[in-house]
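Given next are the chains, with one letter for each unit.
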Amino acid sequence: GEDVEQSLFLSVREGDSSVINCTYTDSSSTYLYWYKQEPGAGLQLLTYIFSNMDMKQDQRLTVLLNKKDKHLSLRIADTQTGDSAIYFCAETYSGGSNYKLTFGKGTLLTVNP
Amino acid sequence: EAGVVQSPRYKIIEKKQPVAFWCNPISGHNTLYWYLQNLGQGPELLIRYENEEAVDDSQLPKDRFSAERLKGVDSTLKIQPAELGDSAVYLCASSLDLRGETYNEQFFGPGTRLTVL
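Rules used throughout
- Each chain carries its own residue numbering, running from 1 in the written order of its sequence.
- Whichever chain is written first is A, and whichever ligand is written first is 1; the rest continue in order.
- Side-chain atom pairs in this predicted model are given and counted only at pLDDT of 80 or more, local residue features only at pLDDT of at least 70, and totals for whole chains, interfaces and linings cover all residues.
- The side-chain quantities take in all heavy atoms of the structure and omit both hydrogens and water.
- Helix and strand assignments follow DSSP, with helices taken as H or I runs no shorter than four residues and strands as E runs no shorter than two, numbered in order from the N terminus.
- Accessible area is worked out with a 1.4 Å probe on protein chains only. A residue is then buried under 20% of its type maximum, exposed over 50%, and partly exposed in between.
- His is not counted, nor are the chain ends; Lys and Arg add positive charge and Asp and Glu add negative charge.
- Counted as salt bridges are all cases of a side-chain nitrogen of Lys or Arg within 4 Å of a carboxyl oxygen of Asp or Glu.
- The term polar contact refers here to a pair of N or O atoms within 3.5 Å; inside protein, the definition further demands a hydrogen-donor-capable atom paired with an acceptor-capable atom, and it admits residues adjacent in sequence only when both atoms are side-chain atoms.
- Contact definition: two residues touch when any of their heavy atoms are within 4.5 Å.
- Any two strands with at least two DSSP-identified bridges between them are counted as paired.
- An axis is simply a line fitted to the C-alpha atoms; with a helix, the fit covers only the stretch in contact. Between two such axes, the angle follows the N-to-C directions and lies from 0 to 180 degrees.
- The quantity reported as buried area is the accessible area (1.4 Å probe) lost by two parts once they are put together, taken as the sum for both.
- Under the scheme applied here, ten amino acids are nonpolar (Ala, Val, Leu, Ile, Met, Phe, Trp, Tyr, Cys and Pro), four are charged (Asp, Glu, Lys and Arg), and all others, including Gly, are polar.
- You can read pLDDT as the predictor saying how much it trusts each residue, on a scale of 0 to 100.

1. Looking at the side chain of Arg69 of chain B
All names here are of chain B. Along the chain, Arg69 turns up in the loop between β7 (65-68) and β8 (75-79). Buried and unpaired, Arg69 has Asp74 as its nearest opposite-charge partner, separated by 6.9 Å. Of the polar contacts made by the side chain of Arg69, one reaches the backbone oxygen of Gly72; its length is 3.0 Å. A polar contact is formed between the side chain of Arg69 and the backbone oxygen of Val73, at a distance of 2.8 Å. Residues contacting Arg69, with those up to four places away along its chain left out, are Pro25, His29, Asn30, Thr31, Leu32, Tyr49, Glu50, Asn51, Glu52, Asp74 and Ser75.

Laid out in structure tokens, this is it:
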């Protein structure tokens, strides 16, 4: 079955870059996602990458996908205090249906002023 | 445009009591999802509706959980009776699924935080 693993905590200083890592097990993953969840709020899709891509950049966000190692990362440049939140890695895989999101446990990002 | 609306935002009940959660998806979205998020975990899918049809309820504990989406718009998730272990956040999401499209973004509501005492 599918499984998504993330480190649970990351602490950075304001202005530094943050890198949140994720590994997944299903080699037939089609899309991989990064969601952000602020306290008391639902999940907000930050970005996603199709499995045949290596990299995607969107303003301060850079997603890198190493399909061989089944490793996904999210880099946030110039991290701000407003970036403090839980970040979830998720995948959908072609063995099931493209709607079924499998989430990791989330990485709590703390940005210190 | 309004996002996914859920109510109540918070609910505290005693065990063995029934509870219901309501979700109104984004207007025009044909697909609706209910997720369970336990503390310190990512969301897990409970049920997915395409219009009024439940097309995937394999993860829904049917002995105590039920859901409906009678007119293919808003939806209700019910637990009867609630147990202590049901304390969690219940998230609703919706998407516009088009035939032939492989990517359909799911938009999440703020969730209902349930505490069972």
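Next, the rest of the story.
2. Some points on the sheet that holds strand β3 (residues 18-24) of chain A
Residue and element names in this part refer to chain A. Pairing is antiparallel across the open sheet formed by five strands, whose spatial order is β1-β3-β8-β7-β6. In this open sheet, the two edge strands, each paired with only one partner strand, are β1 (4-6) and β6 (55-58). Each adjacent strand pair in this sheet contributes to an overall mean axis angle of 15°, direction not counted. Note that strand β7 (residues 61-66) and strand β8 (residues 71-76) share six bridges and pair antiparallel. Looking across to β8, one finds that Leu61 is bridged to Ile76.

3. Looking at the interface of chain B and chain A
Facing 20 residues of chain B, the contacting portion of chain A comprises 18 residues. Between chain B and chain A, the buried area comes to about 1600 Å², and carbon and sulfur atoms account for 53% of it. Between chain B and chain A we count zero salt bridges in total. The interface formed by chain B and chain A holds three residue pairs in polar contact (both at pLDDT 80 or more) in total. Contributions of two or more residues to the side of chain B that touches chain A are made by β4 (31-37) and β5 (44-50) of chain B. When residues of the side of chain B that touches chain A are assigned to their parent elements, the largest contribution, three residues, is made by β4 of chain B. Across the side of chain B that touches chain A, the residue classes tally to eight nonpolar, eight polar and four charged.

4. Some details on the sheet that holds strand β3 (residues 19-24) of chain B
All names here are of chain B. A sheet is described by the order of its strands in space; here four strands give the open sequence β1-β3-β8-β7, paired in antiparallel fashion. Strands with a single pairing partner mark the edges of an open sheet, and in this sheet they are β1 (5-7) and β7. Going from strand to strand, the sheet's axes swing by 15° on average, the running direction of each strand aside. Of the pairings in the sheet, the one linking β1 to β3 comprises three bridges and is antiparallel in character. Bridge pairing links Gln6 to Cys23 in β3.

5. Quick look at the confidence of the model for chain A
The pLDDT averaged across chain A works out to 90; a share of 94% of its residues lies at or above 70. Averaged pLDDT values for the elements of chain A fall to 90 in strand β4 (residues 29-37) of chain A and rise to 97 in strand β2 (residues 9-13) of chain A.

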